[in-house]
Amino acid sequence: MTTPTSQQPGRQLGLRERKKLKLRRDVQAAALRLFEAQGYEQTTVEQIAAAADTSTTTFYRYFPTKEDVVLDDEYDPLMAAAARDRPRGEPLADTLRAAVAAMLAASSQADQDQIVGRLRLIHEVPALRARYADEERRNVDMLADLLVERTGRPRDDYQLELTAAMTVAALFTASRRWASGWGVPPLADLLDQAMATIEPVLARL
């Protein structure tokens, strides 16, 4: 998964970054409209680029493959940055809750509607499901690295690996439940329940 430009806590995006972010979102929105209208397999990159009023060269500059236009977003790096900005020594659950809150604060209702569409498409298309499993693994690795920084435990610590895997599984399950209900219950409520479930596990690190 590529790492797109995102707004990090405490930093305002410049005009160029805002334009790039808008173009990314416009291309994703155009792609989702086409996928819904004519199917994922039947939609070409050329059609997506035309619908977004851009070129295929620009499309590939932002999204290396057609799958990436569904899978990519700016929220993972934003959450990681928010977690690293938190005070040292605070409970891990508080750190992760702050990171989740930063993600939710950065997403408008339109963004969340688009995410629901993307998650439902991932569930329906086998190639996207396979890539999404890789993304879940990448998130486990990213969280494990963060836990190493926050706790001082070695990277191959078994309890740390288990905690990272369980935390990511809980958050991804919340997202899938949210998408399957077309945005109901609210994502914030489902994520809060997920965090409450894994909080005792985080407290043991």
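This is a predicted model, so every value here is computed, not measured. (Residues numbered from 1 in each chain as written. Predicted model: local features only at pLDDT ≥ 70, side-chain atom pairs only at ≥ 80, totals over all residues. Heavy atoms only, no water.)

(A) Examining the overall build of the protein more closely. Along its length, the protein carries ten helices and zero strands. Mapped in sequence order, the helices and strands of the protein form the string α-α-α-α-α-α-α-α-α-α. Since a compact globule built from 205 residues should have a radius of gyration of about 17 Å, the 18 Å found for the protein is in line with a globular shape. On the principal axes, the C-alpha backbone points of the protein span a range of 50 × 35 × 30 Å. A fraction of 67% describes how many contacts in the protein between residues 6 or more apart in sequence connect residues 24 or more apart. Per element, the accessible surface of the protein, about 10,700 Å² overall, is 53% carbon and sulfur. Placing the 27 positive and 30 negative side-chain charges of the protein at their respective mean positions leaves the two points 3 Å apart. (Helix = DSSP H or I, 4+ residues; strand = E, 2+ residues; numbered from the N terminus. Rg over C-alpha atoms; globule rule 2.2 N^0.38 Å. Contact = heavy atoms within 4.5 Å. Areas by Shrake-Rupley, 256 points an atom, 1.4 Å probe, with all protein chains shown as cover. Lys, Arg positive; Asp, Glu negative; His and termini not counted. Charge placed at Lys NZ, Arg CZ, Asp CG, Glu CD.)

(B) Inspection of empty space enclosed by the protein at higher detail. Under the definition given, this model contains one cavity of 30 Å³ or more. Its boundaries defined by the atoms lining it, the largest cavity holds a volume of some 650 Å³. In terms of lining residues, the largest cavity is bounded by 32 residues, among which D76, M79, N139, F172 and S175 are the most central. Contributing elements (two or more residues each) for the lining of the largest cavity: α4 (66-71), α5 (75-84), α6 (92-106), α7 (109-124), α8 (126-151), α9 (158-180) and α10 (187-203). Partitioning the lining of the largest cavity into residue classes produces 24 nonpolar, three polar and five charged. (1 Å grid on protein atoms, 1.4 Å probe; cavity = no way out; pocket = protein on both sides within 12 Å on 5 of 7 lines; lining within 4 Å. Points joined across faces, edges and corners; volume = space filled by probe spheres on them. Nonpolar A, V, L, I, M, F, W, Y, C, P; charged D, E, K, R; others polar.)

(C) Just the packing of α7 against α9, in detail. Packing of α7 against α9 leaves a shortest axis separation of 9 Å and a crossing angle of 95°. Taken together, α7 and α9 sit at an angle that is classed as roughly perpendicular. Each of Q112, I115, V116, L119 and R120 in α7 lies in contact with α9, whose residues at this interface are S175, W178, A179 and S180. (Axes fitted to C-alpha atoms, helices over the stretch in contact; angles between N-to-C directions. Parallel < 35°, antiparallel > 145°, perpendicular 65-115°, else oblique.)

(D) Just the environment of R150, in detail. Inspection of the secondary structure assignment puts R150 in helix α8. Taking relative accessible area as the criterion, R150 reaches 16% and is therefore assigned buried. Measuring from C-alpha to C-alpha, the distance between R150 and A99 comes to 14 Å, with 51 residues separating the pair along the chain. Reaching out from R150, the side chain makes a polar contact with the backbone oxygen of A83 at a distance of 3.4 Å. (Buried < 20%, exposed > 50% of the residue type's maximum accessible area, 1.4 Å probe, protein only. Polar contact = N/O pair within 3.5 Å; in protein donor to acceptor, adjacent residues only side chain to side chain.)

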